[in-house]
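# Summary of structural features
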Amino acid sequence: MPLAMTVAPLPVLDAHDPASLDRAAAILREGGLVAVPTETVYGLAADAGNANAVAALYAAKGRPAFNPLIAHVDGLERALTLITLSDAALALAHAFWPGPLTLVSRRKESAAISDLAAAGLDTLAVRWPDAPAMTGLVARLGRPLAAPSANLSGTISPTTAAHVAEGLAGRITMVLDGGPCLVGVESTIIADTLEGLVLLRPGALPREAIEAVTGARLKGAGGKAAISAPGMLKSHYAPRARLRLNVTAPEADEIYLAFADHRGSGAKAVLHLSESGDLAEAAANLFSLMRKADQMGERIAVAPVPATGLGEAINDRLTRAAAPKDS
Ligand code: TXA
Ligand code: MG
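Residues numbered from 1 in each chain as written. Chains lettered and ligands numbered in written order. Predicted model: local features only at pLDDT ≥ 70, side-chain atom pairs only at ≥ 80, totals over all residues. Heavy atoms only, no water.

What follows deals with the sheet that holds strand β2 (residues 34-36). Taken together, 11 strands build an open sheet; the order of strands is β1-β8-β2-β3-β7-β4-β6-β5-β9-β10-β11 and the sheet is mixed. The open sheet has two edge strands with one neighbour each: β1 (12-14) and β11 (219-220). Sheet topology note: the β1/strand β8 (residues 174-177) ladder contains 3 bridges and is parallel. Within the sheet, the bridge partner assigned to valine 12 lies in β8 and is valine 175. (Pairing = 2+ DSSP bridges. Helix = DSSP H or I, 4+ residues; strand = E, 2+ residues; numbered from the N terminus.)

Next comes the structure, spelled out in C-alpha coordinates:
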(Lines give C-alpha, C1' and ligand atoms only; values in the text may rest on other atoms or scores of the structure.)
(Ligands and ions follow the chains in the order given, each with its own letter.)
Protein backbone atom coordinates (compact mmCIF):
# COMPACT_ATOMS: atom_id res chain seq x y z
CA MET A 1 0.00 0.00 0.00
CA PRO A 2 1.50 3.40 -0.91
CA LEU A 3 2.24 5.59 2.06
CA ALA A 4 0.38 8.89 2.26
CA MET A 5 2.55 11.99 2.55
CA THR A 6 1.79 13.03 6.10
CA VAL A 7 3.54 15.53 8.31
CA ALA A 8 4.12 14.39 11.89
CA PRO A 9 2.18 16.61 14.29
CA LEU A 10 4.28 19.24 16.00
CA PRO A 11 4.68 18.63 19.76
CA VAL A 12 3.07 21.52 21.69
CA LEU A 13 4.14 22.18 25.29
CA ASP A 14 2.84 24.74 27.78
CA ALA A 15 5.14 27.79 27.77
CA HIS A 16 4.17 28.60 31.37
CA ASP A 17 5.42 25.25 32.73
CA PRO A 18 9.05 25.29 33.95
CA ALA A 19 9.38 21.59 33.04
CA SER A 20 8.54 22.47 29.40
CA LEU A 21 11.24 25.13 29.44
CA ASP A 22 13.74 22.56 30.77
CA ARG A 23 12.89 20.22 27.89
CA ALA A 24 13.07 23.03 25.34
CA ALA A 25 16.45 24.13 26.73
CA ALA A 26 17.77 20.57 26.36
CA ILE A 27 16.67 20.53 22.70
CA LEU A 28 18.31 23.90 22.05
CA ARG A 29 21.55 22.76 23.70
CA GLU A 30 21.67 19.87 21.24
CA GLY A 31 21.25 22.24 18.30
CA GLY A 32 17.47 21.77 17.87
CA LEU A 33 14.84 24.33 16.92
CA VAL A 34 12.01 25.43 19.24
CA ALA A 35 9.26 27.96 18.53
CA VAL A 36 8.77 30.31 21.47
CA PRO A 37 6.07 32.92 22.19
CA THR A 38 7.09 36.56 22.67
CA GLU A 39 4.97 39.64 23.27
CA THR A 40 5.26 40.54 19.55
CA VAL A 41 5.08 37.32 17.48
CA TYR A 42 6.26 33.71 17.92
CA GLY A 43 10.00 33.32 17.32
CA LEU A 44 11.88 30.27 16.06
CA ALA A 45 14.78 29.89 18.48
CA ALA A 46 18.21 28.33 17.97
CA ASP A 47 21.43 28.58 19.99
CA ALA A 48 22.97 31.70 18.41
CA GLY A 49 26.48 30.43 19.11
CA ASN A 50 25.96 27.11 17.30
CA ALA A 51 26.54 27.54 13.56
CA ASN A 52 24.93 24.18 12.73
CA ALA A 53 21.79 25.05 14.66
CA VAL A 54 21.62 28.44 12.96
CA ALA A 55 22.09 26.81 9.54
CA ALA A 56 19.21 24.43 10.34
CA LEU A 57 17.10 27.43 11.33
CA TYR A 58 17.67 29.19 7.98
CA ALA A 59 16.81 25.92 6.21
CA ALA A 60 13.62 25.31 8.23
CA LYS A 61 12.31 28.79 7.36
CA GLY A 62 13.57 28.79 3.78
CA ARG A 63 15.26 32.05 4.68
CA PRO A 64 18.07 33.49 2.56
CA ALA A 65 21.31 33.31 4.57
CA PHE A 66 22.11 36.96 3.77
CA ASN A 67 19.26 38.00 6.08
CA PRO A 68 20.66 38.28 9.64
CA LEU A 69 18.84 37.22 12.82
CA ILE A 70 17.98 39.00 16.07
CA ALA A 71 19.89 37.76 19.14
CA HIS A 72 17.49 37.53 22.09
CA VAL A 73 18.87 38.15 25.58
CA ASP A 74 17.65 38.10 29.17
CA GLY A 75 19.06 41.41 30.34
CA LEU A 76 21.06 44.51 29.49
CA GLU A 77 24.23 42.96 30.84
CA ARG A 78 24.09 40.10 28.34
CA ALA A 79 23.20 42.56 25.55
CA LEU A 80 26.39 44.48 26.30
CA THR A 81 28.49 41.31 25.90
CA LEU A 82 27.29 41.31 22.27
CA ILE A 83 27.23 44.92 21.08
CA THR A 84 28.45 48.38 22.02
CA LEU A 85 25.77 51.04 22.52
CA SER A 86 25.95 54.83 22.30
CA ASP A 87 24.47 56.89 25.14
CA ALA A 88 21.40 57.59 23.01
CA ALA A 89 20.80 53.88 22.35
CA LEU A 90 21.45 53.04 26.01
CA ALA A 91 18.75 55.52 26.98
CA LEU A 92 16.31 53.62 24.76
CA ALA A 93 17.38 50.30 26.26
CA HIS A 94 16.76 51.66 29.75
CA ALA A 95 13.40 53.10 28.77
CA PHE A 96 11.98 50.19 26.76
CA TRP A 97 13.70 46.90 27.70
CA PRO A 98 12.36 44.37 28.32
CA GLY A 99 10.05 45.10 25.41
CA PRO A 100 9.44 45.27 21.65
CA LEU A 101 12.61 47.22 20.78
CA THR A 102 15.50 45.76 18.74
CA LEU A 103 18.81 47.62 18.68
CA VAL A 104 21.29 47.13 15.84
CA SER A 105 24.83 48.17 16.70
CA ARG A 106 28.50 47.26 16.31
CA ARG A 107 29.13 43.61 17.16
CA LYS A 108 31.83 42.90 19.73
CA GLU A 109 34.63 40.54 18.65
CA SER A 110 33.99 38.47 21.76
CA ALA A 111 30.23 38.11 21.14
CA ALA A 112 29.00 34.51 21.56
CA ILE A 113 27.35 34.57 18.14
CA SER A 114 28.05 32.47 15.06
CA ASP A 115 28.94 34.54 12.00
CA LEU A 116 26.04 32.93 10.20
CA ALA A 117 23.50 34.36 12.70
CA ALA A 118 24.84 37.84 11.93
CA ALA A 119 25.01 36.98 8.20
CA GLY A 120 28.67 37.99 8.30
CA LEU A 121 27.90 41.65 9.14
CA ASP A 122 29.96 43.59 11.68
CA THR A 123 26.69 44.73 13.26
CA LEU A 124 24.22 42.68 15.29
CA ALA A 125 20.52 43.06 16.15
CA VAL A 126 19.75 42.47 19.85
CA ARG A 127 16.47 42.37 21.76
CA TRP A 128 15.52 41.75 25.39
CA PRO A 129 11.90 40.71 24.99
CA ASP A 130 9.17 41.00 27.61
CA ALA A 131 8.60 37.28 27.28
CA PRO A 132 9.32 34.94 30.22
CA ALA A 133 9.58 31.80 28.04
CA MET A 134 12.25 33.33 25.79
CA THR A 135 14.23 34.94 28.61
CA GLY A 136 13.87 31.77 30.71
CA LEU A 137 15.43 29.76 27.87
CA VAL A 138 18.30 32.22 27.43
CA ALA A 139 18.97 32.03 31.18
CA ARG A 140 18.92 28.21 31.11
CA LEU A 141 21.35 28.09 28.17
CA GLY A 142 23.52 30.95 29.39
CA ARG A 143 23.73 32.08 25.76
CA PRO A 144 21.70 34.32 23.44
CA LEU A 145 19.05 32.76 21.21
CA ALA A 146 18.78 33.66 17.55
CA ALA A 147 15.07 33.94 16.76
CA PRO A 148 13.38 35.17 13.60
CA SER A 149 9.60 35.02 13.39
CA ALA A 150 8.46 31.37 13.37
CA ASN A 151 7.00 31.31 9.85
CA LEU A 152 8.20 30.21 6.43
CA SER A 153 10.18 33.08 4.91
CA GLY A 154 7.91 35.58 3.14
CA THR A 155 4.66 34.42 4.76
CA ILE A 156 2.54 36.03 7.49
CA SER A 157 4.17 36.09 10.96
CA PRO A 158 2.59 33.74 13.56
CA THR A 159 0.76 35.06 16.62
CA THR A 160 -0.49 31.67 17.91
CA ALA A 161 1.06 28.21 18.32
CA ALA A 162 -1.43 26.93 15.71
CA HIS A 163 -0.06 29.43 13.15
CA VAL A 164 3.45 28.12 13.85
CA ALA A 165 2.32 24.54 13.22
CA GLU A 166 0.64 25.52 9.91
CA GLY A 167 3.97 26.65 8.49
CA LEU A 168 6.64 24.67 10.31
CA ALA A 169 5.23 21.26 11.40
CA GLY A 170 7.74 18.59 10.34
CA ARG A 171 10.55 21.17 10.18
CA ILE A 172 11.15 21.96 13.87
CA THR A 173 11.23 19.98 17.12
CA MET A 174 8.54 21.63 19.26
CA VAL A 175 6.50 24.72 19.94
CA LEU A 176 5.94 26.28 23.35
CA ASP A 177 2.34 27.52 23.52
CA GLY A 178 1.92 30.77 25.43
CA GLY A 179 -1.45 31.70 23.91
CA PRO A 180 -2.00 34.56 21.43
CA CYS A 181 0.73 37.23 21.36
CA LEU A 182 -0.33 40.37 23.21
CA VAL A 183 1.10 42.92 20.75
CA GLY A 184 0.83 41.08 17.44
CA VAL A 185 3.36 42.95 15.26
CA GLU A 186 7.14 42.60 15.35
CA SER A 187 9.55 44.75 17.32
CA THR A 188 10.66 48.20 16.21
CA ILE A 189 14.24 48.05 14.90
CA ILE A 190 16.58 50.99 15.57
CA ALA A 191 20.15 51.22 14.25
CA ASP A 192 22.71 52.92 16.48
CA THR A 193 24.89 54.67 13.87
CA LEU A 194 27.61 57.34 13.90
CA GLU A 195 25.01 59.71 12.43
CA GLY A 196 22.54 58.94 15.24
CA LEU A 197 19.57 56.62 15.70
CA VAL A 198 17.86 55.38 12.55
CA LEU A 199 14.49 53.65 12.27
CA LEU A 200 15.06 50.45 10.24
CA ARG A 201 11.67 48.83 10.78
CA PRO A 202 8.53 50.44 12.25
CA GLY A 203 7.09 48.05 14.81
CA ALA A 204 5.38 47.46 18.11
CA LEU A 205 7.09 50.37 19.84
CA PRO A 206 5.64 53.53 18.27
CA ARG A 207 8.06 56.17 16.97
CA GLU A 208 6.32 58.77 19.16
CA ALA A 209 7.39 56.86 22.31
CA ILE A 210 10.99 56.74 21.10
CA GLU A 211 11.03 60.41 20.11
CA ALA A 212 9.69 61.32 23.56
CA VAL A 213 12.86 59.80 25.04
CA THR A 214 15.38 61.09 22.48
CA GLY A 215 13.75 64.51 22.11
CA ALA A 216 14.42 64.44 18.36
CA ARG A 217 12.69 63.21 15.23
CA LEU A 218 13.85 59.71 14.28
CA LYS A 219 15.59 59.44 10.95
CA GLY A 220 14.31 56.81 8.57
CA ALA A 221 16.46 54.33 6.69
CA GLY A 222 17.18 55.45 3.13
CA GLY A 223 19.01 58.60 4.10
CA LYS A 224 22.79 58.96 3.78
CA ALA A 225 23.29 57.15 7.06
CA ALA A 226 21.38 54.20 5.75
CA ILE A 227 22.28 50.78 6.83
CA SER A 228 19.20 48.85 5.94
CA ALA A 229 17.50 45.81 7.39
CA PRO A 230 18.34 43.26 4.70
CA GLY A 231 15.11 41.46 5.50
CA MET A 232 12.91 44.39 4.60
CA LEU A 233 11.98 42.95 1.24
CA LYS A 234 9.22 44.80 -0.54
CA SER A 235 6.93 41.79 -0.76
CA HIS A 236 6.63 40.11 2.60
CA TYR A 237 3.93 38.90 4.96
CA ALA A 238 2.37 37.73 1.73
CA PRO A 239 -1.12 36.25 1.72
CA ARG A 240 -2.22 34.13 -1.24
CA ALA A 241 -5.11 36.49 -2.01
CA ARG A 242 -4.79 39.87 -3.76
CA LEU A 243 -4.90 42.71 -1.29
CA ARG A 244 -6.17 46.30 -1.80
CA LEU A 245 -5.45 49.04 0.74
CA ASN A 246 -7.30 52.14 1.95
CA VAL A 247 -10.63 50.85 0.68
CA THR A 248 -13.79 52.52 1.96
CA ALA A 249 -16.26 50.78 -0.39
CA PRO A 250 -15.33 47.10 -0.85
CA GLU A 251 -16.59 45.07 -3.79
CA ALA A 252 -19.00 42.13 -3.52
CA ASP A 253 -16.30 39.46 -3.90
CA GLU A 254 -13.92 40.99 -1.36
CA ILE A 255 -13.23 39.98 2.22
CA TYR A 256 -13.06 43.29 4.11
CA LEU A 257 -10.75 44.04 7.02
CA ALA A 258 -12.77 46.75 8.75
CA PHE A 259 -11.48 49.45 11.08
CA ALA A 260 -13.49 51.89 13.22
CA ASP A 261 -16.33 53.46 11.20
CA HIS A 262 -15.33 51.77 7.96
CA ARG A 263 -17.54 48.71 8.31
CA GLY A 264 -17.45 47.41 4.78
CA SER A 265 -21.10 47.11 3.83
CA GLY A 266 -21.39 45.31 0.50
CA ALA A 267 -18.38 43.08 1.05
CA LYS A 268 -18.51 39.27 0.79
CA ALA A 269 -17.56 39.06 4.48
CA VAL A 270 -16.31 41.52 7.09
CA LEU A 271 -13.61 40.94 9.73
CA HIS A 272 -13.04 43.73 12.26
CA LEU A 273 -9.49 44.82 13.05
CA SER A 274 -11.01 47.03 15.75
CA GLU A 275 -14.60 48.24 15.86
CA SER A 276 -13.70 51.00 18.30
CA GLY A 277 -10.75 52.20 16.19
CA ASP A 278 -8.16 51.08 18.74
CA LEU A 279 -4.74 50.65 17.08
CA ALA A 280 -3.38 48.28 19.74
CA GLU A 281 -6.38 45.99 19.22
CA ALA A 282 -5.92 46.22 15.43
CA ALA A 283 -2.21 45.31 15.71
CA ALA A 284 -3.02 42.32 17.91
CA ASN A 285 -5.64 41.11 15.38
CA LEU A 286 -3.77 41.97 12.16
CA PHE A 287 -1.88 38.77 11.30
CA SER A 288 -4.57 36.30 12.40
CA LEU A 289 -7.27 38.17 10.48
CA MET A 290 -5.03 38.33 7.39
CA ARG A 291 -4.68 34.54 7.60
CA LYS A 292 -8.42 34.11 8.10
CA ALA A 293 -9.30 36.42 5.20
CA ASP A 294 -6.80 34.55 3.02
CA GLN A 295 -8.71 31.31 3.68
CA MET A 296 -12.09 32.92 2.97
CA GLY A 297 -11.53 34.39 -0.48
CA GLU A 298 -9.36 35.38 -3.41
CA ARG A 299 -9.51 39.12 -2.80
CA ILE A 300 -8.99 41.12 0.40
CA ALA A 301 -9.73 44.83 0.89
CA VAL A 302 -8.53 46.76 3.92
CA ALA A 303 -10.02 49.89 5.49
CA PRO A 304 -7.82 52.98 5.93
CA VAL A 305 -5.85 52.78 9.18
CA PRO A 306 -4.30 56.00 10.54
CA ALA A 307 -0.49 56.04 10.28
CA THR A 308 0.17 57.34 13.80
CA GLY A 309 1.41 55.31 16.79
CA LEU A 310 1.10 51.59 16.14
CA GLY A 311 -0.58 52.49 12.85
CA GLU A 312 2.85 53.09 11.27
CA ALA A 313 3.78 49.40 11.79
CA ILE A 314 0.31 48.21 10.72
CA ASN A 315 0.49 50.22 7.48
CA ASP A 316 4.06 48.99 6.84
CA ARG A 317 3.00 45.33 7.11
CA LEU A 318 -0.13 45.91 4.99
CA THR A 319 1.88 47.65 2.26
CA ARG A 320 4.31 44.72 2.10
CA ALA A 321 1.43 42.24 2.06
CA ALA A 322 -0.08 44.12 -0.90
CA ALA A 323 3.17 44.38 -2.90
CA PRO A 324 3.47 42.33 -6.09
CA LYS A 325 5.25 39.09 -5.19
CA ASP A 326 7.84 39.21 -7.96
CA SER A 327 9.31 42.53 -6.80
O1 TXA B 1 9.46 41.03 17.26
C2 TXA B 1 10.44 40.58 16.65
O3 TXA B 1 11.40 41.29 16.32
C4 TXA B 1 10.43 39.07 16.32
C5 TXA B 1 10.46 38.30 17.64
C6 TXA B 1 10.54 36.81 17.42
O7 TXA B 1 11.49 38.77 18.46
N8 TXA B 1 11.53 38.72 15.47
C9 TXA B 1 11.59 39.08 14.17
O10 TXA B 1 12.71 38.58 13.50
O11 TXA B 1 10.76 39.77 13.62
P12 TXA B 1 12.83 38.57 11.91
O13 TXA B 1 14.06 37.78 11.63
O14 TXA B 1 11.56 38.09 11.30
O15 TXA B 1 13.12 40.06 11.54
C16 TXA B 1 14.35 40.64 11.92
C17 TXA B 1 14.72 41.76 11.00
C18 TXA B 1 15.02 41.32 9.58
O19 TXA B 1 14.38 42.22 8.69
C20 TXA B 1 16.55 41.45 9.48
O21 TXA B 1 16.97 41.78 8.19
C22 TXA B 1 16.81 42.60 10.46
O23 TXA B 1 15.91 42.35 11.51
N24 TXA B 1 18.17 42.55 10.98
C25 TXA B 1 18.75 41.59 11.73
N26 TXA B 1 20.05 41.86 11.96
C27 TXA B 1 20.32 43.03 11.36
C28 TXA B 1 21.49 43.85 11.22
N29 TXA B 1 22.66 43.50 11.76
N30 TXA B 1 21.38 44.99 10.53
C31 TXA B 1 20.21 45.37 9.99
N32 TXA B 1 19.06 44.63 10.07
C33 TXA B 1 19.11 43.49 10.74
MG1 MG C 1 9.99 37.76 10.00
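Okay, back to it.
Core analysis: the biggest nonpolar cluster contains 47 residues, and Leu44, Leu82, Ile113, Val126, Val164, Ile172 and Ile190 have the highest contact counts within it. Counting only elements with at least two residues in this core, the list comes to β3 (43-47), α2 (51-61), α3 (76-82), α4 (87-96), β5 (101-106), β6 (123-127), α6 (161-168) and β10 (196-201). Not counting chain neighbours up to four residues away, the residues in contact with isoleucine 172 comprise Leu10, Leu33, Ala35, Leu44, Ala60 and Val164. Counting 36 residues, the second-largest nonpolar core is a separate cluster that includes Phe287, Leu289, Ala301 and Val305. (Core = buried A, V, L, I, M, F, W, Y, C linked by side-chain atoms within 4.5 Å. Buried < 20%, exposed > 50% of the residue type's maximum accessible area, 1.4 Å probe, protein only. Contact = heavy atoms within 4.5 Å.)

What follows concerns empty space enclosed by the protein. Counted under the stated rule, the structure contains 2 cavities of 30 Å³ or more. As a volume, the largest cavity reaches approximately 40 Å³. Here the second largest cavity defines a volume of roughly 30 Å³. When the residues that make up the lining of the second largest cavity are grouped by side-chain class, the tally is 6 nonpolar, 2 polar and no charged. (1 Å grid on protein atoms, 1.4 Å probe; cavity = no way out; pocket = protein on both sides within 12 Å on 5 of 7 lines; lining within 4 Å. Points joined across faces, edges and corners; volume = space filled by probe spheres on them. Nonpolar A, V, L, I, M, F, W, Y, C, P; charged D, E, K, R; others polar.)

Considering the arrangement of structural elements, one finds arginine 317 in helix α9 (residues 311-322). In this view, arginine 317 contacts Glu186, Ser187, Arg201, Pro202, Gly203, Tyr237, Leu286 and Phe287; residues no more than four positions away in its chain are not counted.

All right, on to the packing of helix α8 (residues 279-296) against α9 then. Packing of α8 against α9 leaves a shortest axis separation of 9 Å and a crossing angle of 20°. When the interaxial angle is binned, α8 and α9 end up roughly parallel. Every pair of crossing elements has a handedness; the one defined by α8 and α9 is left-handed. Note on element contacts: α9 touches α8 through Gly311, Ile314, Arg317, Leu318 and Ala321, opposite Leu279, Ala282, Ala283, Leu286, Phe287 and Met290. Grouping the amino acids of the contact of α8 with α9 by side-chain chemistry returns 9 nonpolar, 1 polar and 1 charged. (Axes fitted to C-alpha atoms, helices over the stretch in contact; angles between N-to-C directions. Parallel < 35°, antiparallel > 145°, perpendicular 65-115°, else oblique. Left-handed = near helix turned anticlockwise from the far one by under 90°.)

Right, let's talk about the environment of valine 126 for a bit. Checked against the element boundaries, valine 126 lands in strand β6. Valine 126 gets classed as buried once you look at its relative accessible area, which sits at 0%. On a C-alpha basis, the gap between valine 126 and proline 98 in space is 11 Å, while along the polypeptide they are 28 residues apart. In this structure, valine 126 is in contact with Ile70, Ala71, Val73, Ala79, Leu82, Ile83, Trp97, Leu101, Thr102 and Leu103, ignoring residues within four places of it in sequence.

Hydrogen bonding along the main chain pairs the strands of a sheet, whether they run parallel or antiparallel. Reading across the sheet, the 4 strands line up as β12-β15-β13-β14 and stay open at both edges, with parallel pairing between neighbours. The sheet is open, and its two edges are formed by β12 (242-244) and β14 (269-274), each paired on a single side. Pairwise comparison of adjacent strand axes, ignoring direction, gives a mean angle of 20° for this sheet. Relative to β14, strand β13 (residues 254-259) runs parallel, the two being bridged by 5 bridges. The partner of alanine 258 across the bridge, within β14, is histidine 272. Against the sheet, α8 makes contact with β13, β14 and β15 (299-302), and its axis sits at roughly 155° relative to β14, the strand it touches most.

This brings us to the domain arrangement of the protein chain. One can read the domain layout of the protein chain as domain 1 (12-220) and domain 2 (242-322). The straight-line distance from the C-alpha centre of domain 1 to that of domain 2 is 27 Å. On the domain 2 side, the residues contacting the 21 residues of domain 1 number 16 residues. Surface buried jointly by domain 1 and domain 2 totals about 1500 Å² across both partners, of which 55% is contributed by carbon and sulfur atoms. Looking at the side of domain 1 facing domain 2, the largest losses of area belong to Ile156, Val185 and Pro202, adding up to 38% of the total buried there. (Domains from an automatic or database assignment. Buried area = accessible area lost by both parts, 1.4 Å probe.)

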